Amino acid sequence: MSVFNQSRSRVVQIIFLLIFVVILIQLINLQIFSSKYKLAAENNAIYRKIVYPDRGIIFDRKKKAMLENTISYDLVVTPIESKGTDTISLCTLLNIDTAEYKRRMHEIVFKYTAVKPSVFEGLLSQELYAKLYENMYKFPGFNLTDRSVRTYPFNTGAQVLGYIAEVDTSFLKRHKDGGYEMGDYAGMNGLERTYEKVLMGERGIKRFIRDNRSRIQGPYENGMFDTSAVAGRNLYTSVDVEVQQLAEKLLANKIGSAVAINPKTGGIIAMVSSPNYNPNDLTGSARRKNLGRMLLDTARPMFNRAIKGQYPPGSTFKPLGAVIALDEGVITPNYGYPCYGSYSNCGVIVKCEHKNAGHAASLRLALANSCNSYFSQVFRMAIDNPDYHNATLGYLKWKEYMNKFGMGTALDVDLPSENKASVPDTAVYNKAYGRNRWNSCTILTLGIGQDKMTATPIQLANMMCIIANKGYYYTPHFVDSIEHEQLDDTLYLAKYRKKHSVIHTSDTVFRAVHEGMHDVTVYGTASEIKVPGIEYCAKTGTAQNPHGKNHSLFVCFAPKDNPRIAVAVIVENAGFGATWAGPIGAFIMEKYLNDTIAADRLSEVERISKADLIPIAIKDWYVKKENQRQAKLILEAEAAKAEMNSESKQINIEEEDNSEKIPIGIEKNKEQLEMILPNNKNIKPALPPNKKDSSKKKNTNTSTALLIDESKKWLVKKSKA
Amino acid sequence: MSTRNSFVSKGVDWTIVTLYAILVGIGILCIFMVEYRSGTNWLQLFLGGKTNYSKQLFFAGFCTLIATFILLADSKLFTAFANLTYVFGILLMLATFVIGKDIKGSRSWISLGGGFNLQPAELCKIFAALALAKYMSMQNLDFTKKRSQLIAVAIVLLPAILSRFQHETGLALVYLSFFIAMYREGLPAEILIIGISFGALVVATLTVDPNTLAITLTLIAALLIYILRRQIKRNSKLLMMIVATWAICVTIQRFAVPYIFNNVFECYQSQRIYSAVGKDYDCSQNKHNKSEIAAGAKSSFKPDDYNVRQSKIAIGSGGFSGRGFLKGTQTRGKYVPEQHTDFIFTSLGEAFGFVGCTIFLLLYLFLLFRIVNIAERQRSTFSRVYAYSVASIIFFHITVNVCMTIGLFPIIGIALPLISYGGSSLLTFTVLIFILLRLDADRQMVLR
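Here the structure is a predicted model, which is why all the values come from computation and not from measurement.

Rules behind the numbers
Residues numbered from 1 in each chain as written. Chains lettered and ligands numbered in written order. Predicted model: local features only at pLDDT ≥ 70, side-chain atom pairs only at ≥ 80, totals over all residues. Helix = DSSP H or I, 4+ residues; strand = E, 2+ residues; numbered from the N terminus. Buried ≥ 20, exposed ≤ 12 C-beta atoms within 10 Å, placed from the backbone. Contact = placed C-beta atoms within 7 Å. Nonpolar A, V, L, I, M, F, W, Y, C, P; charged D, E, K, R; others polar. Pairing = 2+ DSSP bridges. Axes fitted to C-alpha atoms, helices over the stretch in contact; angles between N-to-C directions. Parallel < 35°, antiparallel > 145°, perpendicular 65-115°, else oblique. Left-handed = near helix turned anticlockwise from the far one by under 90°. Core = buried A, V, L, I, M, F, W, Y, C linked by C-beta atoms within 7 Å. pLDDT = per-residue confidence, 0-100. Expected span 1.5 Å × (residues − 1).

A word on the overall build of chain B
Counting its secondary structure elements, chain B contains 20 helices and three strands. Considering chain B as a whole, with its 448 residues, one finds that 43% of them fall into the buried category. Across chain B, every contact between residues at least 6 apart in sequence was considered, and the portion connecting residues at least 24 apart equals 69%.

Quick look at the interface of chain B and chain A
Many descriptions give the size of an interface as the accessible area lost when the pieces come together. Between chain B and chain A, the residue contacts involve 41 residues of the former and 34 residues of the latter. Counting only elements with at least two residues in the side of chain B that touches chain A, the list comes to α9 (178-184), α16 (306-316), α17 (329-332), α18 (344-376) and α19 (381-405) of chain B. Sort the elements by how many residues they give to the side of chain B that touches chain A and α18(B) lands first, with 11 residues. Of the residues assigned to the side of chain B that touches chain A, the class counts are 19 nonpolar, 15 polar and seven charged.

Some details on the sheet that holds strand β18 (residues 537-545) of chain A
Residues and elements named next belong to chain A. With respect to topology, five strands assemble into an open sheet ordered β12-β11-β20-β19-β18, the strand pairing being antiparallel. Because the sheet does not close on itself, it has two edges, and the strands there are β12 (268-274) and β18. Strand-to-strand, the axes of this sheet are offset by a mean angle of 10°, without reference to chain direction. By the bridge criterion, eight bridges tie β18 to strand β19 (residues 548-558) in an arrangement that is antiparallel. By the bridge assignment, Ala538 is partnered in β19 with Cys556. Against the sheet, helix α18 (residues 457-468) makes contact with β11 (256-261), β19 and β20 (565-571), and its axis sits at roughly 150° relative to β20, the strand it touches most.

Let's talk about the packing of helix α13 (residues 318-328) of chain A against helix α15 (residues 372-383) of chain A
Residue and element names in this part refer to chain A. Contact geometry of α13 with α15 gives a least axis separation of 10 Å together with a crossing angle of 40°. The orientation of α13 with respect to α15, classified from their angle, is oblique. Between α13 and α15 lies a crossing of left-handed hand. Contacts between α13 and α15 involve Lys318, Gly321, Ala322, Ile324, Ala325 and Glu328 on the former and, on the latter, Phe375, Val378, Phe379, Met381 and Ala382. Broken down by class, the residue content of the contact of α13 with α15 amounts to eight nonpolar, one polar and two charged.

Looking at the nonpolar core
Ranked by internal contacts, the top residues of the largest apolar core, which has 139 residues, are Ala258(A), Ala260(A), Ala461(A), Met464(A), Cys556(A), Val567(A) and Ile588(A). Not counting the four nearest positions on each side in its chain, Ala461(A) is found in contact with Val259(A), Ala260(A), Ile261(A), Ala566(A), Val567(A) and Ala568(A). By size, the runner-up hydrophobic cluster in this structure holds 116 residues, among which are Leu71(B), Ala128(B), Val308(B) and Phe382(B).

Remarks on the sheet that holds strand β3 (residues 68-77) of chain A
All names here are of chain A. Taken together, the three strands give an open sheet; going across it, the order is β4-β3-β5, and neighbouring strands pair in antiparallel fashion. Edge positions in the open sheet fall to β4 (118-124) and β5 (142-151), since each of these has one partner strand only. Neighbour-to-neighbour, the strand axes of this sheet turn through a mean angle of 30°, independent of strand direction. Pairing between β3 and β5: 10 bridges, direction antiparallel. By the bridge assignment, Tyr73 is partnered in β5 with Asp146.

Comments concerning the pairing of β20(A)
Residue and element names in this part refer to chain A. With respect to burial, β20 is a largely interior element, seven of its seven residues being buried. Where burial is concerned, the two faces of β20 agree: the one with Ile565, Val567, Val569 and Val571 and the one with Ala566, Ala568 and Ile570 are both buried. The pairing of β11 with β20 spans six bridges and is antiparallel. Bridge pairing in β20 links Gly256 to Val571. Summarising the sheet, β19 and β20 pair through seven bridges and their orientation is antiparallel. Bridging from a neighbouring strand, Val555 pairs with Ala568 of β20. The loop that links β19 with its antiparallel partner β20 comprises six residues.

Quick look at the confidence of the model for chain B
Residues and elements named next belong to chain B. Per-residue pLDDT for chain B averages 84, and the proportion of residues at 70 or more is 92%. Within chain B, α18 carries the highest mean pLDDT (94), whereas helix α1 (residues 6-9) carries the lowest (60). Across residues 1-5, where pLDDT falls below 50, the model places three contacts with residues more than four positions away in sequence or in other chains. Residue range residues 296-303 is modelled with pLDDT below 50. Its contacts to residues more than four positions away, or to other chains, number 10 contacts. In the predicted complex, the global pTM is 0.61; the interface-specific ipTM is 0.88.

Section: helix α2 (residues 14-35) of chain B
Residue and element names in this part refer to chain B. The terminal C-alpha atoms of α2 lie 31 Å apart, and with 22 residues this matches the ideal 32 Å at 1.5 Å per residue to within 8%. Residues Ile16, Tyr20, Val24, Gly27, Cys30, Ile31, Phe32, Met33, Val34 and Glu35 constitute the buried set of α2. Elements that come into contact with the buried residues of α2 comprise α4 (52-72), α17, α18 and α20 (423-441).

Section: the environment of Tyr36(B)
Residues and elements named next belong to chain B. With respect to the helices and strands, Tyr36 occurs in the loop between α2 and α3 (42-48). For Tyr36 and Thr331, which are 295 residues apart along the polypeptide, the C-alpha to C-alpha distance reads 9.1 Å. If we skip the residues at most four places from it in the chain, Tyr36 touches Trp42 and Leu326.

Overview of unusual backbone geometry
All names here are of chain A. Omega for the peptide link from Ser274 to Pro275 comes to 5°, which places this bond in the cis form. Here Pro275 lies in the loop between β12 and α11 (287-296). Omega for the peptide link from Ala558 to Pro559 comes to -15°, which places this bond in the cis form. Considering the arrangement of structural elements, one finds Pro559 in the loop between β19 and β20. Here Asn436, not a glycine, exhibits a phi torsion of approximately 60°, which is positive. Relative to the helices and strands, Asn436 resides in the loop between α17 (426-433) and α18. Given 12 C-beta atoms within a 10 Å radius, Asn436 is considered exposed.

If you want it as structure tokens, here you go:
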């Protein structure tokens with residue numbers, strides 16, 4: 001009826017329309033152009049559960065598993081759900097007090113929030129697991145989750161295999177794109193670390209929908225986007241478990257190292273560093289305790305001396321010195337040097353074991369007799385090679401040879417943190433003596449493997465490989481092949497499959513060296529050491545070092561004509577090379593080549609294994625450590641006793657005799673301790689103070705990787721082989 | 001439909017009835033989506049009547065009954081009782097101050113027993129609409145007069161003020177929608193323009209730096225004076241007007257708005273408004289908050305935009321075509337608070353995406369346009385004003401509710417018409433719509 005203002009109906013309709021357009025624009029903005037909301041929604045509602053695959057297994061050359069996987073259990077807690085837990089009984093089971101329980105809870109809430117399940121007590125022992133399992137109903141919010149842990153059926157190769165451990169924040173920072181999360185385990189050392197990517201496999205992800213309180217509602221999209229875990233791939237190594245075990249046994253109670261390499265492939269047959277540890281100690285519940293103990297141990301069981309220990313090679317260097325001189329053309333195999341017991345051309349006197357004339361009449365003879373004079377002279381001839389005008393250039397050429405032979409360079413073995421040891425740079429000598437103010441005489445003892453030259457056992461073994469192969473080598477490595485090898489793996493392993501030719505000298509050069517080294521085992525320093533049925537070549541070494549008694553070294557390869565194994569053995573502070581290192585090397589070769597040790601030689605194996613050659617300083621350290629531990633135990637026992645007494649005193653005030661016996665304080669306890677300690681026959685009495693101090697000093701020296709002392713006081717001493 | 005009694009069905013607009021039914025149906029499905037948990041036997045729960053969707057279905061049945069009664073009633077009844085019901089509604093609202101029941105912090109409910117509660121402010125919308133229609137349709141009314149305009153505004157604002165005192169800001173705001181109906185009847189357009197300009201100025205104050213805004217305003221004023229310099233020469237009043245407007249704008253921007261936010265609004269309200277424009281409000285400036293702190297109450301909490309954030313995430317994650325019915329992760333995870341009532345739109349947005357939302361909003365738009373159409377075909381002013389009131393109320397509810405879920409409007413508790421869970425709300429809209437249908441069916445009669 002009223003048409004008055006009717007035009008305004010259009011306006012109203014336009015207002016309606018406008019608002020709807022505004023809403024639609026915002027909807028387009030939210031739903032079509034903003035991807036962040038989708039992401040935010042997924043972060044909100046989708047819970048990714050990681051399914052851990054089994055780690056790959058490491059096999060030896062005969063397909064025996066050096067390590068396997070087994071299940072271990074963690075006690076996991078979601079703090080927010082843990083209300084009503086029977087704290088007392090949980091604490092009793094775990095053997096902790098309620099304060100500790102509270103502390104852990106706070107830590108978990110602080111670190112991982114209260115709604116996420118986090119590990120409360122990891123790697124439970126079987127017994128504890130069983131007890132907890134029965135009582136789980138008392139602990140709401142707590143769960144037992146399984147995880148795969150390593151076991152080592154042969155108890156061998158700890159340093160080689162490495163260990164796995166929970167990743168920490170710094171590890172996560174370093175491997176941002178590795179897909180690791182807090183609580184994951186990763187290889188921390190050894191092969192476990194080098195081949196982490198291969199061994200770890202691919203984690204599966206299961207997606208669940210969770211609600212606003214992180215409660216799981218069900219699988220996301222019926223598991224359409226779930227990925228299943230792909231098990232880690234296995235590694236096939238060149239290690240021979242039995243040889244490895246034997247080598248470890250032989251090096252027991254000694255400090256030292258042994259490396260055996262197959263020169264034909266570069267595959268490492270055995271690698272031992274002693275003192276060793278049982279790899280099973282680093283899995284399971286006692287892991288933390290054991291790890292702490294080992295890291296503090298002054299003999300450093302975690303330290304892989306085979307790739308990190310730097311030792312003066314001593315006489316074991318001589319064959320290499322000869323090869324270099326021959327290749328440079330400064331000598332021929334027939335070159336002889338008239339040695340009468342010492343080399344004195346340089347003012348200093350280098351003594352030689354042999355005085356009879358003609359013991360160094362040719363290279364072969366000089367090698368067999370390990371003539372210091374001969375090799376000093378040969379070294380000088382190489383440095384003073386007229387082709388290179390002066391000593392610096394001559395030395396540079398010589399160093400280049402050394403590096404080619406893998407000395408003073410990292411070989412790039414497939415273990416982490418290999419040490420390149422040292423063939424000194426000219427800068428080192430320039431600094432010590434001034435530019436051009438040093439010559440072949442100044443650095444003379446390099447020729448007999450002393451001076452500033454050091455090598456790791458694996459470098460010595462590799463050097464033996466090159467000599468055994470007459471001029472080529474494969475980079476020493478453990479892993480021959482990887483299960484389902486992929487392109488990445490092939491690219492990585494390519495460096496271990498490539499033949500490195502070092503020099504192309506005529507066969508005669510090496511034949512002379514081989515003959516010389518063979519003579520060592522026939523009538524030379526190693527004539528006592530036999531390998532049944534095998535002709536082998538070897539060189540003993542007795543290296544002077546600043547840390548006490550000479551190191552016992554032995555390098556060898558066998559069989560002589562078609563070498564299949566090259567070995568380097570070092571026993572620290574053990575004296576002559578032929579006494580300890582030699583037999584160990586021989587047994588390793590015998591075991592590998594003959595597959596067994598001759599029955600009549602087994603007792604010898606036992607004798608060597610039992611021989612205790614650990615330096616006295618380190619033993620003292622153990623004794624001290626043990627004393628401290630005992631003292632602590634006694635103190636604790638006394639304290640507990642005192643507490644009990646004081647309690648009984650409160651109850652029984654009249655009994656005054658008893659209160660007399662209560663130790664008043666720690667002072668008294670200490671006195672008692674000192675009384676008790678010497679009487680304890682299990683513990684060796686501590687050394688008198690003066691001696692103790694000196695031994696302590698020694699002790700620290702020994703533990704620091706045996707670096708060569710700057711001082712040359714010991715230089716003039718004889719070097720003997 | 002044809003089987004219906006011809007007396008009742010005659011003249012009833014079936015388009016609106018169909019739209020009504022569709023929307024209520026969508027509402028129940030949305031509530032079902034929110035409540036649904038995979039793995040539960042929903043049918044059993046449904047029949048058990050313990051769940052919200054079965055309750056809502058029950059409400060819908062009840063509403064159908066009421067709707068039938070309304071359609072059966074005589075349309076003269078509504079004109080006759082319009083003023084009486086309005087007074088009754090106001091009395092009910094006043095009664096809440098005495099016998100009110102506290103639900104979610106607002107004392108605006110009256111307990112009816114049996115677990116049912118009535119919110120008089122909700123019902124008062126109907127009464128206000130009727131009363132306004134009644135007043136406007138008075139034969140001797142000249143709406144061009146200021147006095148009658150003021151009376152009309154008073155009729156509308158009285159329940160709004162009462163609602164505000166009950167801390168039901170959302171409901172209070174709804175009464176503003178009657179201005180659209182009044183505008184249609186001849187309320188000067190200037191009021192709407194000034195109102196919108198004021199809104200724009202407030203938003204600008206919140207978003208733009210105060211000094212920048214002051215300079216901008218001054219520049220605009222200067223520009224205007226420059227452009228209108230000829231007219232100003234002739235008419236000096238114009239200059240005065242421009243200067244006065246400029247002065248008022250700057251005063252509002254510099255003093256009035258901060259004063260209102262710091263002294264009139266509660267801390268949480270200021271925060272919500274600020275968060276709607278994407279800013280943080282510092283509660284330590286708020287007077288209420290200060291007095292609370294002085295009284296030793298809880299200290300100020302962090303700006304809380306959890307609701308909006310989650311709501312936007314849910315809608316945004318729907319994407320173009322949505323995740324599908326019952327597949328929304330945010331809905332299933334109960335991430336959006338109050339999702340079955342005020343934030344019901346999010347479940348729709350997540351499940352059906354942009355396409356679903358557009359179709360849904362078009363349904364609403366169609367409903368509104370249809371009501372406007374119906375309004376324009378009325379012969380009586382009463383029916384027309386009432387129809388516009390209904391359209392305005394529904395429009396306002398939709399706008400505020402949807403804008404709030406997509407982050408364009410501060411969060412106030414306001415239901416999505418016919419969709420949100422809740423008996424009061426559903427009943428109110430049913431009654432509103434079906435009274436309109438009844439009136440429309442009798443449009444040939446002249447009602448006064």
